[in-house]
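Topology and contacts: notes
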Amino acid sequence: MENTKENGLANYLAVRAPQIAAPTIISTLLLVVWQVGVEVLNIPEAILPTPLRILETIVLRWELLLLHSWPTLSECLFGFALAVAVGMGLGILLALSQLFRVGVYPLIVAFQVVPKVALAPLFIVWFGLGMTSRVLLAFVIAFFPMVVNTYAGIQSTDPIMVRMARASSATRWTIFRKIEFPTALPYIFSGLKIGITFAVIGIIVAEFVTAQEGLGYLIVFSEGNVDTPMLMAALIVLSLIGVILYAAIGGLEKLIIRWDVGQKM
Amino acid sequence: MTALHVRVSDFSKTYKTRRDEIEAIRAVDMDVRETEFVSILGPSGCGKSTLLMAVGGLLPMSGGRIEIAGQLVTGPRRDTGVVFQSPVLMPWRSILNNVLFPIECLGLSLGEYRRRAIELLEMTDLDKFRDDYPSELSGGMQQRVAICRALIHNPSLLLMDEPFSALDAMTRDAMNQELLRIWEEFKKTVLFVTHSIREAVYLSDRVFVMSPRPAVISRVVDIALPRPRDLSIEETPEFNAYVTELRQAIEG
Ligand SMILES: Nc1ncnc2c1ncn2[C@@H]1O[C@H](COP(=O)(O)OP(=O)(O)O)[C@@H](O)[C@H]1O
Ligand SMILES: [Mg+2]
């Protein structure tokens, strides 16, 4: 809650510089140890390629990596968007409707116990080896955190706040839109962050199993060819995609939630 | 003598919980005239909030009737404004937009009432914070915002539920003074709940003393102190005579 408005950038850098520098130094150090260790101990490339070798693979074979990144990214976003829409919708219905709470919530909880990854073969039986199966797997994995967080967020609304709104002649719909939904937003954003991470997992597992295209496919394919540098290059690109998606949601959150969330009234 | 504004007759309230029934209020009768400043005084848990919320149409009643301006209260009314014990500001809205919230709910023109919101904020010395978030304001300032919000749609009746009880003594004195200033200016009917005897005497035309559960009104005291009142009035023997009288009434 310090007022950083005045001495903005200099202050910001003074605080942030060590925060950025420390992990950078440590990871650089680790990479050096890795590089030197592999060379000194003469570890075969098929077991553990050096960081430079992996970088070389990424630079030289970027076209192949890009070719497989695209389906992974688009299917992931597709499954995630589906999970957000359906999950948030259901979370809202659960919070607003007694009927849903009694009738549907136990089913959702029961479904959550199923290890979703195990559904992949079933999806293949039903929907084939194409994109549909993969998107659906990402969807079922990412869906649950969205439902639960939306529901919990709305539930966390202070009853006094609702009473205040009623005293101001607010309708039920206004209370939802202007009180409950904004209250739930921080919860929804943590749901989105968990959800996007889960969606990536869903897509990769589905690509392992369907073995058609995508970075997951590239990983198992490289493993089959004992092309460990390529495997690790694909892994790095995949991680990069994950980080970018996560950061995008974090950025959106910062943009939308500008108030002090810790504030309890 | 001004017209009758609020009439509570034979009001009772029993809370039904899972385990048992709590008879909070047995039978309360109360008449409040227009522009009158009335306090409801009683110990914690005696049912003051229950009574006030019922007048605000925010609580189902168990028995009796409550009328405002001759009309039976069946739910929240647009001619009533409520200030709660805590400011209950929306942390995601600026101060100005918090004040304007009832206008949005009532479907009134925001453009028209923006001017009035700014005037209210100027009057309570909060104008320069209008674009800030509530978390940037102190507790006393937040409660002043809550008062502005309760006044924005120009209600004729203001219900206040221990609005200053969470504030330190000095802020509280200042807020009481400011409240009287606002009341003199706007001439509203105020129903003010408190458990502070001095606060009740300082502010009110009349004080209703509530007995502990199940509550009834055990005493009504007219406070015939001159107005406008200044904090120095608290040093006068007349003031302290009222304080003593009310203390005895509460202790039974
Ligand atoms: N929602 C509720 N459910 C059950 N009992 C309640 C509820 N609200 C208040 N009560 C009980 O009713 C009595 C009066 O409460 P309240 O009106 O809040 O008192 P006060 O405002 O004077 O402190 C208390 O004993 C309290 O425990
Ligand atoms: Mg109370």
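Residue numbering note: each chain is counted from 1, following its sequence as written. Ligands are numbered from 1 and chains lettered from A, in the order in which they are written. With pLDDT at 70 or above as the cut-off, local features in this predicted model cover only qualifying residues; side-chain atom pairs require 80 or more to be listed or tallied, and sums for whole chains, interfaces and linings still use all residues. Excluded from the side-chain calculation are hydrogens and water; included are all heavy atoms of the structure.

**Considerations on the domain arrangement of chain A**
Residues and elements named next belong to chain A. What counts is decided by this rule: Boundaries of every domain are those given by an automatic assignment or by a domain database. Every residue pair with non-hydrogen atoms within 4.5 Å of one another is taken to be in contact. When a carboxyl oxygen of Asp or Glu lies within 4 Å of a side-chain nitrogen of Lys or Arg, that pair is called a salt bridge. Polar contact criterion, stated in full: a pair of N or O atoms within 3.5 Å, where within protein one must be able to donate a hydrogen and the other to accept it, and residues adjacent in sequence count only if both atoms are side-chain atoms. Classification used: nonpolar for Ala, Val, Leu, Ile, Met, Phe, Trp, Tyr, Cys and Pro, charged for Asp, Glu, Lys and Arg, polar for all others including Gly.
Under the domain assignment used here, chain A contains domain 1 (1–43) and domain 2 (49–264). Distance from the C-alpha centre of domain 1 to the C-alpha centre of domain 2: 29 Å. With five residues of domain 1 in contact, the opposing surface of domain 2 contributes seven residues. One can count zero salt bridges joining domain 1 with domain 2. Counting across the interface, domain 1 meets domain 2 through two residue pairs in polar contact (both at pLDDT 80 or more). Among the residues making up the side of domain 1 that touches domain 2, the classes are represented as four nonpolar, one polar and no charged.

**Structural notes on the interface of chain A and chain B**
To be explicit about the condition: As used here, buried area is the combined drop in accessible area, with a 1.4 Å probe, of two parts when they are placed together. Starting at the N terminus, helices and strands are each numbered in turn, a helix being any DSSP run of H or I of at least four residues and a strand any DSSP run of E of at least two.
If you look at the interface, chain A gives 21 residues, while chain B gives 28 residues. Where chain A abuts chain B, roughly 2200 Å² becomes buried across the two surfaces, and 68% of that area is made up of carbon and sulfur atoms. Where chain A meets chain B, there are one salt bridge. Taking the shortest distance from any N to any O, the salt bridge between B:Glu104 and A:Lys178 comes out at 2.6 Å. Our count for the chain A to chain B interface comes out at two residue pairs in polar contact (both at pLDDT 80 or more). Those elements giving two or more residues to the side of chain A that touches chain B turn out to be α8 (159–167) and α9 (172–210) of chain A. Take the side of chain A that touches chain B: its biggest share by element is seven residues, from α8(A).

**Some details on α9(A)**
All names here are of chain A. Rules: Helix span, as expected, comes to 1.5 Å for every residue beyond the first. Two axes define the bend at a residue: one fitted to the seven residues ending there, one fitted to the seven starting there, and the bend is the angle between them.
Across its 39 residues, α9 extends only 47 Å between first and last C-alpha, which sits more than 12% below the 57 Å expected from 1.5 Å per residue. Remark: the principal bend of α9, roughly 45 degrees, maps to Leu 185, with a proline, Pro 186, within the next four residues. Looking one or two residues past α9, Ala 211 carries a phi angle of roughly 50 degrees, positive in sign.

**A look at the sheet that holds strand β6 (residues 80–83) of chain B**
Residues and elements named next belong to chain B. Our working rule: Paired strands are those between which DSSP finds at least two bridges. Note on geometry: axes are C-alpha line fits, over the in-contact stretch for helices, and angles between N-to-C directions span 0 to 180 degrees.
With mixed pairing, the ten strands of this open sheet are ordered in space as β5-β4-β1-β2-β10-β9-β3-β8-β7-β6. On the outer flanks of this sheet lie β5 (71–72) and β6, each paired with one strand and no other. Bridge count between β6 and strand β7 (residues 157–161): four bridges; the pairing is parallel. If you follow Val 82 over to β7, its bridge partner there is Leu 159. Sheet strands in contact with helix α5 (residues 139–151) are β6 and β7, and its direction is about 170 degrees off that of β6. Where helix α8 (residues 237–251) meets the sheet, it contacts β3 (37–41), β9 (206–210) and β10 (215–222), and its direction lies at approximately 165 degrees from that of β10.

**Remarks on the side chain of B:Thr50**
We count it as follows: Relative accessibility thresholds used throughout: buried, under 20% of the residue-type maximum; exposed, over 50%; partly exposed, between the two (1.4 Å probe, protein chains only).
Mapped onto the elements of the fold, B:Thr50 is located in helix α1 (residues 48–55). Judged by relative accessible area, B:Thr50 falls into the buried class, the value being 9%.

**What to know about the nonpolar core**
The condition is simple: Working definition of a nonpolar core: buried Ala, Val, Leu, Ile, Met, Phe, Trp, Tyr and Cys residues. They are joined through side-chain atoms within 4.5 Å.
Counting 98 residues, the largest nonpolar core has A:Leu137, B:Val8, B:Met30, B:Leu51, B:Val55, B:Leu191 and B:Met210 as the members making the most contacts within it. A per-element tally of this core places α9(A) first, with 15 residues. If sequence neighbours within four positions are ignored, B:Leu191 has contacts with B:Met30, B:Val32, B:Val38, B:Ile40, B:Leu52, B:Val55, B:Leu158, B:Leu159 and B:Met160. In this structure, B:Val145, B:Cys148, B:Met175 and B:Ile182 belong to the second largest nonpolar core, which totals 53 residues.

**Overview of the site of ligand 1**
Residues and elements named next belong to chain B. Short version of the rule: Definition of nearness: a residue and a molecule or strand are near each other if at least one heavy atom of the residue lies within 4 Å of the molecule or strand. Surface accessibility follows the Shrake-Rupley procedure with a 1.4 Å probe radius. Residue values consider only the protein chains on display as shielding.
Taken together, the neighbourhood of ligand 1 is formed by 13 residues, with Gly 45, Lys 48, Ser 49, Thr 50 and Arg 213 sitting nearest. At 3.2 Å from an oxygen atom of ligand 1 is found a main-chain nitrogen or oxygen belonging to Cys 46. Backbone polar atom of Gly 47 to an oxygen atom of ligand 1: 3.0 Å apart, as the coordinates give it. Summarising the interface, the protein chains cover 66% of the accessible area of ligand 1, which totals 560 Å² for the free molecule. Where the shell around ligand 1 is concerned, the elements lending two or more residues are β2 (21–33) and α1. Residue contributions to the shell around ligand 1 peak at three residues, all from α1.

**Quick word on helix α10 (residues 215–224) of chain A**
Residue and element names in this part refer to chain A. Every buried residue of α10 is listed here: Leu 215, Gly 216, Tyr 217, Leu 218, Ile 219 and Ser 222. As for α10, its buried residues are in contact with α3 (62–96), α9 and α11 (228–256). Two residues or fewer past α10, Val 226 is found with a positive phi of approximately 50 degrees.

**A word on the environment of A:Gly250**
Residue position: A:Gly250 is located in helix α11. Between the alpha carbons of A:Gly250 and A:Leu192 there is a distance of 9.2 Å; along the sequence they are 58 residues apart.

**Structural notes on the pattern of salt bridges**
Residues and elements named next belong to chain B. Enumeration over the complete set of coordinates arrives at 23 salt bridges over all chains. A salt bridge links Arg 33 to Glu 36, with the shortest nitrogen-to-oxygen separation between them at 3.5 Å. Here Arg 33 falls in the partly exposed class, since its relative accessible area comes to 25%. Among the ionic pairs, Glu 178 bridges to Arg 144, the shortest N-O distance being 3.7 Å. Highlighted residues: Glu 178 in helix α6 (residues 169–186) and Arg 144 in helix α5, separated in sequence by 34 residues. Looking at Arg 144, the relative accessible area reads 16%, which means it is buried.

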